[in-house]
There are 4 protein chains.
Amino acid sequence: MQAAIQTAKIKPTGRPRKPEVEARILDVTMQLMCEEGFSRMSIDGIAVAAGVSKPTIYRRWSGKADIATAALERLRLAEPSVEGKHGLDKVRALLFNFRKSLLRPNGMALIGVVLTEERHNPELMKHFRERIVKPRREMVATALEEARAMGEIQKHADIDAMVTMLIGSFYGRYLSGASIPPGWIIRIVDALVCKG
Amino acid sequence: MQAAIQTAKIKPTGRPRKPEVEARILDVTMQLMCEEGFSRMSIDGIAVAAGVSKPTIYRRWSGKADIATAALERLRLAEPSVEGKHGLDKVRALLFNFRKSLLRPNGMALIGVVLTEERHNPELMKHFRERIVKPRREMVATALEEARAMGEIQKHADIDAMVTMLIGSFYGRYLSGASIPPGWIIRIVDALVCKG
Amino acid sequence: MQAAIQTAKIKPTGRPRKPEVEARILDVTMQLMCEEGFSRMSIDGIAVAAGVSKPTIYRRWSGKADIATAALERLRLAEPSVEGKHGLDKVRALLFNFRKSLLRPNGMALIGVVLTEERHNPELMKHFRERIVKPRREMVATALEEARAMGEIQKHADIDAMVTMLIGSFYGRYLSGASIPPGWIIRIVDALVCKG
Amino acid sequence: MQAAIQTAKIKPTGRPRKPEVEARILDVTMQLMCEEGFSRMSIDGIAVAAGVSKPTIYRRWSGKADIATAALERLRLAEPSVEGKHGLDKVRALLFNFRKSLLRPNGMALIGVVLTEERHNPELMKHFRERIVKPRREMVATALEEARAMGEIQKHADIDAMVTMLIGSFYGRYLSGASIPPGWIIRIVDALVCKG
DNA sequence: GATGAATGAGGCTTCATTCAT
DNA sequence: CATGAATGAAGCCTCATTCAT
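Residues numbered from 1 in each chain as written. Chains lettered and ligands numbered in written order. Predicted model: local features only at pLDDT ≥ 70, side-chain atom pairs only at ≥ 80, totals over all residues. Heavy atoms only, no water.

A. Layout of the overall build of chain A. Looking only at helices and strands, one finds 10 helices and zero strands in chain A. Start at the N end of chain A and walk to the C end: the helices and strands fall as α-α-α-α-α-α-α-α-α-α. For chain A, buried positions account for 48% of its 196 residues. The long-range fraction of contacts in chain A, counting pairs at least 24 apart against all pairs at least 6 apart in sequence, stands at 64%. Surface summary for chain A: the accessible area is close to 10000 Å², and the carbon and sulfur share equals 54%. (Helix = DSSP H or I, 4+ residues; strand = E, 2+ residues; numbered from the N terminus. Buried < 20%, exposed > 50% of the residue type's maximum accessible area, 1.4 Å probe, protein only. Contact = heavy atoms within 4.5 Å. Areas by Shrake-Rupley, 256 points an atom, 1.4 Å probe, with all protein chains shown as cover.)

B. The interface of chain B and chain A, seen in detail. Contacts between chain B and chain A engage 48 residues on the former and 48 residues on the latter. Of the roughly 4000 Å² buried between chain B and chain A, counting both surfaces, carbon and sulfur atoms make up 60%. At the boundary of chain B with chain A, the tally comes to eight salt bridges. A salt bridge links R187(A) to D158(B); the shortest N-O distance between them is 2.6 Å. Seen at the junction of chain B and chain A, the total is 24 residue pairs in polar contact (both at pLDDT 80 or more). (Buried area = accessible area lost by both parts, 1.4 Å probe. Salt bridge = Lys/Arg side-chain N within 4 Å of Asp/Glu carboxyl O. Polar contact = N/O pair within 3.5 Å; in protein donor to acceptor, adjacent residues only side chain to side chain.)

C. Structural detail: the relation of the copies chain B and chain A. Of the transformation placing chain B onto chain A, the axial shift is 0.0 Å and the rotation is 179°, giving an RMSD of 0.2 Å. Taken together, the rotation and translation describe the operation of a two-fold axis. Looking at chain B, 100% of its interface residues are interface residues in chain A too, so the copies touch through the same face. (Least-squares fit on C-alpha atoms with pLDDT ≥ 70 in both.)

D. A look at the packing of helix α7 (residues 109–116) of chain C against helix α8 (residues 122–149) of chain C. Residue and element names in this part refer to chain C. Interhelical geometry of α7 versus α8 gives an angle of 135° and a closest axis separation of 7 Å. With respect to α8, the element α7 is oriented oblique. Along the contact surface, α7 presents L110, I111, V113, V114 and L115, while α8 presents L124, M125 and F128. Residues that form the contact of α7 with α8 fall into these classes: eight nonpolar, no polar and no charged. (Axes fitted to C-alpha atoms, helices over the stretch in contact; angles between N-to-C directions. Parallel < 35°, antiparallel > 145°, perpendicular 65-115°, else oblique. Nonpolar A, V, L, I, M, F, W, Y, C, P; charged D, E, K, R; others polar.)

E. Summary view of unusual backbone geometry. Notably, N106(A) is not glycine yet its phi reads approximately 65°, a positive angle. Tracing the backbone shows N106(A) in the loop between α6 (87–103) and α7 (109–116).

F. Spotlight on the interface of chain C and chain D. In this assembly, 48 residues from chain C lie in contact with 48 residues from chain D. Both faces considered, chain C and chain D share a buried interface measuring about 4000 Å² in area, 60% of it formed by carbon and sulfur atoms. Sorting the residues of chain C by area buried against chain D places R40(C), M165(C) and L175(C) first, and these three jointly supply 18% of that buried surface. The interface formed by chain C and chain D contains eight salt bridges. At the boundary of chain C and chain D, one finds 24 residue pairs in polar contact (both at pLDDT 80 or more). Of all the secondary structure elements, the ones that give two or more residues to the side of chain C that touches chain D are α2 (19–40), α7, α8, α9 (159–176) and α10 (183–192) of chain C. Element by element, the count of residues in the side of chain C that touches chain D is highest for α9(C), at 13 residues. By residue class, the composition of the side of chain C that touches chain D is 20 nonpolar, 15 polar and 13 charged.

G. Structural view of the environment of K155(B). Residues and elements named next belong to chain B. Examined against the element boundaries, K155 turns out to sit in the loop between α8 (122–149) and α9 (159–176). Looking at K155, the relative accessible area reads 70%, which means it is exposed. With 94 residues separating them along the chain, K155 and W61 place their C-alpha atoms 50 Å apart.

H. The protein's contact with DNA strand F, seen in detail. Near DNA strand F there are 40 residues, and of these P55(A), K54(B), G14(D), R15(D) and R59(D) occur at the shortest range. In the model, a phosphate oxygen of DNA strand F is placed 3.0 Å from a nitrogen or oxygen of the I43(C) main chain. Between a phosphate oxygen of DNA strand F and a main-chain N or O atom of S53(D), the distance comes to 3.0 Å. The residue inventory of the surface near DNA strand F, partitioned by class, reads 13 nonpolar, 10 polar and 17 charged. (Near = heavy atom within 4 Å.)

I. Region of interest: the protein's contact with DNA strand E. For DNA strand E, the set of nearby residues contains 39 residues, the closest of which are G14(B), R15(B), R59(B), P55(C) and T56(C). Sugar and phosphate atoms represent 60% of those atoms of DNA strand E found within 4 Å of the protein. Between DNA strand E and I43(A) there is a distance of 3.0 Å, counted from a phosphate oxygen to a backbone nitrogen or oxygen. Separating a base oxygen of DNA strand E from a side-chain N or O atom of K54(A) is a distance of 2.6 Å.

J. A look at the domain arrangement of chain A. All names here are of chain A. You can read the domains of chain A as domain 1 (19–74) and domain 2 (87–192). Between domain 1 and domain 2, the C-alpha centre-to-centre distance is 28 Å. Contacts between the two partners involve 12 residues from domain 1 and, on the opposite side, 12 residues from domain 2. Of the roughly 1000 Å² buried between domain 1 and domain 2 on both sides combined, carbon and sulfur atoms contribute 72%. The largest contributions to the domain 1 side of the interface with domain 2 come from C34, L72 and E73, which together make up 52% of the buried area. At the junction of domain 1 with domain 2, the criterion picks out zero salt bridges. In this structure, the connection of domain 1 to domain 2 is made through one residue pair in polar contact (both at pLDDT 80 or more). Taken together, the elements giving at least two residues each to the side of domain 1 that touches domain 2 come down to α2 (19–36) and α5 (64–74). The leading source of residues in the side of domain 1 that touches domain 2 is α5, at five residues. (Domains from an automatic or database assignment.)

K. Expanded view of the relation of the copies chain C and chain D. If you rotate chain C by 179° and push it 0.0 Å along the axis, it lands on chain D with an RMSD of 0.2 Å. Interface overlap between copies: 100% of the residues of chain C at the interface are likewise at the interface in chain D, consistent with a symmetric, same-surface contact.

L. Summary view of helix α10 (residues 183–192) of chain A. Within α10(A), burial applies to W184(A), I185(A), I188(A), V189(A), A191(A) and L192(A). One side of α10(A) holds all its buried residues, which, seen down the axis, span an arc of 155°. Those residues of α10(A) that are buried are in contact with α6 and α9 (159–176) of chain A together with α9 and α10 (183–192) of chain B. (Arc of directions from axis to C-beta.)

Here you go:
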């Protein structure tokens, strides 16, 4: 990290790259990839939408797959705060955020892309897992552990399975064609909790 | 005369179609679509792999989207028998079949395709839901109802949510990057059943 | 001619060709050729419009050019009667007929076709000249000769040039983009006749 | 600043276009269109003959019809000088030039193209009329008016008809199949002039 | 003889990528 | 470094023609 900062201080020769260009290109790439899918997304389209020329893109990345990878790599799970919530309430709050992100336009499209491209561009899936899936799972798992500690769920609950079922239920619901109302979150959490 | 009309098999004139061609084309289409995705799949590729010429394809379908739709439309949930099982055992058996189909090469790819193409070719998603998702959900739901009747699960269990979570957990698991061992089925069913 | 009739009496073996089919195909061919031009005209289009299959066409003619040629070959200058007219009046009547045929939809299109195809299918131009151009020219020339005999035009008038100018003026007028009103005929005939 | 704006030749950025390419493509297009007709002419053919790639063409024009239109739009009546001639002499000189252009290889072919394409690409006919037909007609008309002023032709001569007949006679002659010798010009002018 | 099916060849257009200022 | 231009390789689709009943 320190090294990186030092490097940044070396005055680069030649015309420096405008830093916001990079971001704009990757933003546009992500958007187009979600809208069109990887194959249909064109470098031309990215260039036009980002307001740059194609060589400007190729100077930074080596090809279409590389750009897409970079766009995915930059992804962070932008999770709104769930401060102040605890245990199952926190779980529900996290799932509520998840729901919101899925309901955004093209909210599921990225999953389609990484699945479709898994064979051709495994990097995409890899980054998607690292940047999006894993953090979310960890947050939910932590909250569930807290709930367990609080006695809201059983001592021997299979937290890993629970995380997967909670999150997976959204995919399942989407693929079934049914809408995902806010109440869905109540239902799935209830389904896991014995109220005997 | 009436009889004649009723029974007359309309004699088809002209050269008959090679009978197996249709199936071969659609098989190949489905395979390529899973391997490459809709966009990358090419008519040329289908023609070569099916051993026919392109016009032979175009005589039957009007274009790429039409062929893909036909391939999906032809899909049926080919569910191996779960005869003799009942209640939760049947649920587990059904999920075991599901697992097997997902673990096949490209088992998840089709989901990627329909998600990616949802905007451009909504027909694909529609058929996927009708032919694959819905039948499977109904089978699992029926088995769960049976389990409920048998007292294996609670009276007021939210069966719809359970179906979605069970099936969805496979998607969640796949996207997490973890493998899906046979024991997974035990775990997710257990997670839903109170063993108070 | 007699021989032909005798030949016709020989009972042909096999299923006889429906005679009106031939005519229908050629009619359709001529029409499509005028509407679309030779290249754009398709055998498929002819077959569909004539209500026959493509091999039915290929059994009779050897290819696209052959069909087009046959269609042109069948053309006859269908000149409405100008009986009772003489001299310049007859000339004007003939030109009036000519005008009418040019003003029909696609009236000039055939000329476009034969000119465009002159290099690739010289037969078309040849038949067009023989069946259409030449007969019309001869009729006009004869009428002009009559007019000369009647003293309506000068003794030494260059009848060949006059025919060409009269007829050609319609092409010139069409290409200029101006309409061709009935009065046009009066004007061009007047232009050739000295009224000193 | 104002001055700067006014005089500044906008510095073009990026790789400049090879300068002669445009002209070469349009030349080739015109030639192929005359030789083959619009339909038979292919973009591939143009690209090869012009020594460029197809995208180089598509960067400049939006499609086949657009290229053809551009080629026609670029046409100018390249009329050799008729300086020093006046009245009917000038008319004859102009017609002599016309004759020469018609006798060039494919001299009539363009007319075939515009006629054939009139329905599908009316722009072609429009440009042909504007660039070629109209200028020529105006030149001939002007010369005829001069001749009239000089007393070479009658006061009340129908100049518009005369122009059309003179020019049209070439089309008529061509379609008749007869050659167009130099003497033709003498004959048609004589035919219009009373030598009583 | 007539039909519907099949095909090889080719046409238009676009894309990812590289070049030349 | 950024740009507009150029390109080879496909991709989709259609056509003239032939095949097999």
